[in-house]
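# Commentary on secondary and tertiary structure
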Amino acid sequence: MEIGFTKLQGNGNDFILIDEFEQEAIPEEMKGAFAALYCDRRFGIGADGILFLQASDAADIRMRLFQPDESEAAMCGNGIRCLAKYALDAGYVKESCSVETGAGIVAVTMGYADDEFSATITMPAPKFERSAIPAAGNGEYKEEIRNFTVYAVNTGVPHAVVFVKEIGAVDIATAGPAIRNHPSFLEGANVNFVETAGDVLRIRTFERGVEAETESCGTGATAAAAVARHLGNAGETVRVETKGGPLVIRFGEDVTMEGPAETVFEGTILF
């Protein structure tokens with residue numbers, strides 16, 4: 001069986017998109033295993049996750065994201081930009097649309113300027129209560145883990161946020177898993193190490209489900225900005241520099257994230 005796919009990336013956070021808008025391409029019970037196989041960078045295509053674009057009864061389109069560990073993530077900011085770009089290019093949606101996710105319906109406004117694509121996404125409202133992260137205990141999250149002061153927030157998925165003096169000095173491969181798997185996080189957490197540089201936040205993220213550092217994480221950038229603002233260390237507009245490029249997070253009536261997405265290549269899988 002031949003299955004068409006499109007490889008896209010948002011700030012280096014890369015995805016394989018499978019178009020299921022008209023009909024199912026990968027059986028439900030095989031989606032997790034499919035992600036594990038084709039996200040592999042040596043024996044597969046290579047990606048941080050598989051995006052499935054589907055029709056929706058509640059929004060213009062639906063996004064589902066399966067990760068390399070076969071789990072399904074509720075939300076992904078960079079993934080939505082990639083999905084929305086594909087849907088716009090394919091004629092499924094217009095410049096303003098809505099996307100159904102596991103974390104709720106997300107509004108997207110997007111378009112091209114001088115052939116450069118950009119999208120602004122309404123993100124889920126940050127939730128600081130432990131019960132909403134989810135994390136053990138009551139009140140807001142603040143714990144000492146491996147000599148790091150760790151804050152946490154849910155921006156569609158659970159995120160730990162750690163402020164450090166120099167993100168380049170952090171051993172992400174060791175510190176990331178220790179915090180990601182800490183028993184206080186009832187479903188695990190993505191882990192963001194954040195350096196404040198003037199009005200800019202620099203960030204490195206260890207992603208749950210990928211189980212490694214990624215070039216960028218949209219919900220992680222939102223989490224870092226939200227915690228910095230919650231602590232009184234950031235304003236209404238926050239520029240977050242990820243390894244893969246900048247994202248702009250704005251706080252107002254809604255929380256929005258602005259950033260790019262690019263189509264890398266298209267291909268066919270013999271499945």
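Here the structure is shown first, and the text comes after it.
Quick caveat, the model's predicted, so the values are computed rather than measured. (Residues numbered from 1 in each chain as written. Predicted model: local features only at pLDDT ≥ 70, side-chain atom pairs only at ≥ 80, totals over all residues. Heavy atoms only, no water.)

By the definition in use, this model includes 9 aromatic pairs. Ring plane angle 45° and centroid distance 4.7 Å describe the contact between Phe34 and Tyr38, whose orientation is recorded as tilted. A residue pair is termed a helical-turn pair when its members lie 3 or 4 positions apart in one helix, as Phe34 and Tyr38 do in helix H1 (residues 31-38) at 4 residues. What makes Phe34 buried here is its relative accessible area of 2%. (Phe/Tyr/Trp six-rings, centres within 6.5 Å; stacked < 30°, edge-to-face > 60°. Helix = DSSP H or I, 4+ residues; strand = E, 2+ residues; numbered from the N terminus. Buried < 20%, exposed > 50% of the residue type's maximum accessible area, 1.4 Å probe, protein only.)

Moving on, we come to the nonpolar core. Within the largest apolar cluster, 51 residues are counted, with the highest numbers of intra-cluster contacts made by Val108 and Met110. With residues near it in sequence (within four places) discarded, Val108 still touches Ile80, Ala84, Glu95, Ser96, Cys97, Val99, Ala119, Thr120 and Ile121. Formed by 20 residues, the second largest nonpolar core is a distinct cluster that contains Ala135, Ala152, Val170 and Ala175. (Core = buried A, V, L, I, M, F, W, Y, C linked by side-chain atoms within 4.5 Å. Contact = heavy atoms within 4.5 Å.)

Another aspect to go through is helix H2 (residues 77-90). Between its terminal C-alpha atoms H2 stretches 20 Å, which fits the 20 Å expected from 14 residues at 1.5 Å a residue. The element H2 is extensively covered by neighbouring structure, given that 12 of its 14 residues are classed as buried. The set of residues buried in H2 consists of Gly77, Asn78, Gly79, Ile80, Arg81, Cys82, Leu83, Ala84, Lys85, Tyr86, Ala87 and Leu88. Residue Gly91 follows H2 closely and has a positive phi angle near 85°. (Expected span 1.5 Å × (residues − 1).)

Tallying each qualifying case throughout the model produces 18 salt bridges. Taking the shortest distance from any N to any O, the salt bridge between Arg64 and Glu28 comes out at 2.6 Å. Here Arg64 is found in strand S4 (residues 61-66), whereas its partner Glu28 is found in the loop between strand S2 (13-20) and H1, with 36 residues between them in sequence. Of the residues examined, Arg64 reaches a relative accessible area of 8% and is grouped as buried. Each of Lys7, Asp14, Arg41 and Asp48 takes part in a single network of salt bridges with overlapping partners. (Salt bridge = Lys/Arg side-chain N within 4 Å of Asp/Glu carboxyl O.)

Residue position: Thr256 is located in strand S17 (residues 255-260). Beyond its immediate sequence surroundings of up to four residues, Thr256 is in contact with Thr120, Ile121, Thr122, Met123, Val248, Ile249 and Arg250.

For the rest of this paragraph, the subject is the pairing of strand S13 (residues 200-207). Of all the 8 residues making up S13, 7 are buried; the element is thus mostly covered by neighbouring parts of the structure. Bridge analysis of strand S12 (residues 190-197) against S13 gives 7 bridges, and the strand direction is antiparallel. By the bridge assignment for S13, Phe193 is matched with Arg204. Adjacent in sequence and paired antiparallel, S12 and S13 are bridged by 2 residues, among which Gly198 carries a positive phi angle near 70°. Across 3 bridges, the pairing between S13 and strand S15 (residues 237-242) is parallel. Looking at S15, one finds that Leu201 is bridged to Val240. From the end of S13 to the start of strand S14 (residues 212-214), which pair antiparallel, there are 4 residues, and Gly209 there has a positive phi angle of about 95°. (Pairing = 2+ DSSP bridges.)

By themselves these figures say nothing about function.
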